[in-house]
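Fold and contact review
Below, each chain spelled out in residue letters.
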Amino acid sequence: MQRKFLLNDKAGCDFHIVLYQPDIPPNTGNIARLCVATNSTLHLIKPLGFSLDDRKLKRAGLDYWINLKLEVHNSLDEFFQKYRNRRFFLATTKAKKPYFDVSFEKGDFLIFGSETKGLPEDFIRSNYETSINIPTFSTVRSLNLADSVAIILYEAIRQVCFK
């Protein structure tokens, strides 16, 4: 018999997924569903490459939108004015540190760039010590955004929620 593990809603890991200017509605919809499944908050930083009413966005998130903890920010500056004293990690192919070498903590913010442009270069440079990557074994430039969020988020959950 297979044992099913469920995250305890009351304990919560309190992770925050931040998408900087996402372009592709189904990716954001899949990430929204992942956030509901993990009781994480989704932050979207404008401009978005789609409307929040987009059919493809809603389809990928299925009927879970009602349960999503969502915050929309007008800019990266606005986001950091509100959350400047929080711990955060930037997921980027330009980092040298793999995500599994980080000791995640409850309440961490995981920041991901847009599918087409990533995160701003100067933002990465000024936060290089908290930049992480997902190692790959080929010449693929990067993984799908929704896959990347799932990989890093579930490592953080493994470390924090399943001690």
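None of the values given here were measured: they were computed from a predicted structure.

**Focus on the sheet that holds strand β3 (residues 69-73)**
- Taken in spatial order, the six strands line up as β3-β2-β1-β5-β4-β6 in an open sheet, and their pairing is parallel. A single partner strand is all that each edge strand has here, and the edge strands are β3 and β6 (131-132).
- Taken together, the two bridges between strand β4 (residues 88-91) and β6 define a ladder with parallel strand orientation. Its bridge partner being in β6, Leu90 is matched across the sheet by Ser131.

**Overview of the packing of helix α1 (residues 25-37) against helix α5 (residues 145-161)**
- For the pair α1 and α5, the least separation of the axes is 8 Å and the interaxial angle reads 20 degrees. In this view, α1 runs roughly parallel relative to α5, as classed from their interaxial angle. Where α1 crosses over α5, the handedness of that crossing is right-handed. Of the residues in α5, those touching α1 at Asn27, Asn30, Ile31 and Leu34 are Leu145, Ala146, Val149, Ala150, Leu153 and Tyr154.
- The residue makeup of the contact of α1 with α5, split by class, is eight nonpolar, two polar and no charged.

Conventions and cut-offs
In every chain, residue numbers begin from 1 and rise along the written sequence. Where totals are concerned, whole chains, interfaces and linings use all residues; where local detail is concerned, this predicted model gives features only for residues with pLDDT of at least 70, and gives and counts side-chain atom pairs only at 80 or more. Note that water and hydrogens are dropped before the side-chain values are worked out from all heavy atoms of the structure. The pairing criterion is simple: DSSP has to find at least two bridges between the two strands. To qualify as a helix, a DSSP run of H or I must reach at least 4 residues; to qualify as a strand, a run of E must reach at least 2; elements of each kind are numbered from the N terminus. Simply put, an axis is a line fit to the C-alpha atoms, just over the touching stretch for a helix, and the angle between two N-to-C directions goes from 0 to 180 degrees. Orientation categories follow fixed angle ranges, with anything under 35 degrees roughly parallel, anything over 145 roughly antiparallel, 65 to 115 roughly perpendicular, and all other angles oblique. Working rule for handedness: look at the near helix, and if it is turned counterclockwise from the far one by less than a right angle, call the crossing left-handed; if clockwise, right-handed. Only heavy atoms matter for contacts: two residues are in contact if any of them lie within 4.5 Å across the pair. Put simply, Ala, Val, Leu, Ile, Met, Phe, Trp, Tyr, Cys and Pro go in the nonpolar bin, Asp, Glu, Lys and Arg in the charged bin, and everything else, Gly too, in the polar bin.

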